[in-house]
Amino acid sequence: MSGWLCIAGLGPGDPNLVTPEVTLTLEAATDVVGYIPYVARIAPRAGLRLHPSDNRVELDRARAAIDMAAQGRRVVVVSSGDPGVFAMASAVFEALENRPEWQALDIRVLPGITAMLAAAASAGAPLGHDFCAINLSDNLKPAALIEARVRAAAGADFAMAFYNPRSASRPHTFGRVLDILRDTCGPDRLISFARAVSTPEEKLRTVTLAEATPEMADMRTVVIVGNSATRRVGRFVYTPRSAL
Ligand SMILES: C[S@@+](CC[C@H](N)C(=O)[O-])C[C@H]1O[C@@H](n2cnc3c(N)ncnc32)[C@H](O)[C@@H]1O
């Protein structure tokens, strides 16, 4: 049987938010490759090899997965959320760029529910108008570029979703981002902190920028900042469809 490679999104955490397409593909797989906590979400079974690896080896992991598929194995590379959002799908295509002999392989990307959309649904509809997503990690881009993009998005009145807002290795980036947002959007703009969305530890908190502190976010949090029209309705937050 010829091998294939799927890059699949496992959704934000709740097993009910894994798509049927991803579930069926995992059932047909011989190998699952990915970052340790994501591979831990896959139930072991006879005939399935699990290949967990560390966070910082994305390209090596992608090459190893492609190699296995080229040898005839049925390989699923797993990401949390959606595999195309700050995740493994780009790493696989980057690995393919330099290896034309691999480009004819049977490769598919299977979408998943990204953290931003699950968080927005928990909050109400804060992304109901134009929005953008920005990864606040400076592992793969300079901090100055992050700040420039936050300034530009806030200046254009986009709602914004921030992934990887704060980690132990860069405790100060998010504080600077909050300062930029307060300068550009003013103190009353709504900001939602959605932690561990769709898991039993889920916690959602909406405050104004004046009340927001860096400690409200960690690496399991996605942060959503509304646009100038975003408002509360009951316990929900929403952004109107119209900017007229
Ligand atoms: C490397 S990115 C991966 C994003 C993933 N591919 C997606 O589509 O959701 C990791 C970041 O996603 C966010 N994230 C992932 N799962 C989450 C969840 N269940 N609740 C809140 N944020 C989450 C956090 O901001 C975390 O730092």
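Residues numbered from 1 in each chain as written. Predicted model: local features only at pLDDT ≥ 70, side-chain atom pairs only at ≥ 80, totals over all residues. Heavy atoms only, no water.

### Some thoughts on the packing of aromatic side chains
One pair of aromatic rings is described through two measures. These are the centre distance and the angle between the planes.
And then number 1: Throughout the structure, instances matching the rule amount to three aromatic pairs.
And then number 2: Ring geometry for phenylalanine 86 and tyrosine 163: centres 5.0 Å apart, planes at 65°, overall edge-to-face. With phenylalanine 86 in the loop between β4 (74–79) and α4 (88–97) and tyrosine 163 in strand β8 (residues 159–163), this residue pair connects regions lying 77 residues apart in the sequence.
And then number 3: We classify tyrosine 163 as buried; its relative accessible area is 10%.
And then number 4: The interplanar angle of 90° and the centroid separation of 6.2 Å between the aromatic rings of phenylalanine 174 and phenylalanine 193 together place this pair among those described as edge-to-face. Of this pair, phenylalanine 174 sits in helix α7 (residues 173–185) while phenylalanine 193 sits in strand β9 (residues 190–195), and the two are 19 residues apart along the sequence.
And then number 5: Over the aromatic face of tryptophan 102 sits the side chain of arginine 99, whose NZ or CZ is 3.8 Å from the ring centroid. (Phe/Tyr/Trp six-rings, centres within 6.5 Å; stacked < 30°, edge-to-face > 60°. Helix = DSSP H or I, 4+ residues; strand = E, 2+ residues; numbered from the N terminus. Buried < 20%, exposed > 50% of the residue type's maximum accessible area, 1.4 Å probe, protein only. Lys NZ or Arg CZ within 6 Å of the ring centre and 35° of its normal.)

### Thoughts on the domain arrangement of the protein chain
And then number 1: Entries for the protein chain in the domain assignment read domain 1 (4–113) and domain 2 (116–238).
And then number 2: Relative to domain 2, the C-alpha centre of domain 1 lies at a distance of 28 Å.
And then number 3: On the side of domain 2, ten residues touch domain 1, which itself brings eight residues to the contact.
And then number 4: Across the domain 1/domain 2 interface, buried area totals approximately 640 Å², and carbon plus sulfur atoms make up 64% of it.
And then number 5: Considering only the side of domain 1, the residues that lose the most area to domain 2 are Pro12, Arg56 and Phe86, jointly responsible for 61% of the buried surface there.
And then number 6: The tally of links from domain 1 across to domain 2 stands at zero salt bridges.
And then number 7: In this structure, the connection of domain 1 to domain 2 is made through two residue pairs in polar contact (both at pLDDT 80 or more).
And then number 8: Here the side of domain 1 that touches domain 2 is built from residues that sort into five nonpolar, one polar and two charged. (Domains from an automatic or database assignment. Contact = heavy atoms within 4.5 Å. Buried area = accessible area lost by both parts, 1.4 Å probe. Salt bridge = Lys/Arg side-chain N within 4 Å of Asp/Glu carboxyl O. Polar contact = N/O pair within 3.5 Å; in protein donor to acceptor, adjacent residues only side chain to side chain. Nonpolar A, V, L, I, M, F, W, Y, C, P; charged D, E, K, R; others polar.)

### Concerning helix α3 (residues 58–70)
And then number 1: For α3, spanning 13 residues, the distance from its first C-alpha to its last is 18 Å, which sits close to the expected 18 Å at 1.5 Å a residue.
And then number 2: For α3, the full list of buried residues reads Arg61, Ala62, Ala65, Ile66, Met68 and Ala69. The buried residues of α3 occupy an angular sector of 160° when projected down its axis, which confines them to one face.
And then number 3: Tucked inside the fold, the buried residues of α3 contact β1 (4–9), β2 (31–35), β3 (49–53), β4 and α4.
And then number 4: Backbone geometry just after α3 places glycine 72 at a positive phi near 100°. (Expected span 1.5 Å × (residues − 1). Arc of directions from axis to C-beta.)

### Topic: the environment of arginine 176
And then number 1: Its place among the elements puts arginine 176 in helix α7.
And then number 2: Sequence spacing of arginine 176 and proline 214 is 38 residues, and the spatial spacing of their C-alpha atoms is 9.0 Å.

### So, the pattern of salt bridges
And then number 1: Per the stated rule, a full pass over the model turns up nine salt bridges.
And then number 2: Across the salt bridge formed by arginine 73 and aspartate 31, the nearest N and O atoms sit 2.5 Å from each other. Here aspartate 31 lies in strand β2 and arginine 73 lies in the loop between α3 and β4, a separation of 42 residues in the sequence.
And then number 3: Assessed through its relative accessible area of 0%, aspartate 31 is described here as buried.
And then number 4: Between arginine 220 and glutamate 201 there is a salt bridge, and its shortest N-O distance comes to 3.4 Å. Within this pair, whereas arginine 220 is found in the loop between β10 (203–208) and β11 (221–225), its partner glutamate 201 is found in the loop between β9 and β10, the two being separated by 19 residues in sequence.
And then number 5: Looking at arginine 220, the relative accessible area reads 41%, which means it is partly exposed.

### Regarding the site of the ligand
And then number 1: The immediate surroundings of the ligand are formed by 19 residues, with Asp82, Val85, Thr114, Met219 and Thr221 found nearest.
And then number 2: One nitrogen or oxygen atom from the main chain of alanine 196 is found 3.4 Å from a nitrogen atom belonging to the ligand.
And then number 3: One of the backbone nitrogen or oxygen atoms of threonine 221 is found 2.7 Å away from an oxygen atom of the ligand.
And then number 4: Surface burial for the ligand is 88%, taken as the share of its 570 Å² of free accessible area covered by protein chains. (Near = heavy atom within 4 Å. Areas by Shrake-Rupley, 256 points an atom, 1.4 Å probe, with all protein chains shown as cover.)

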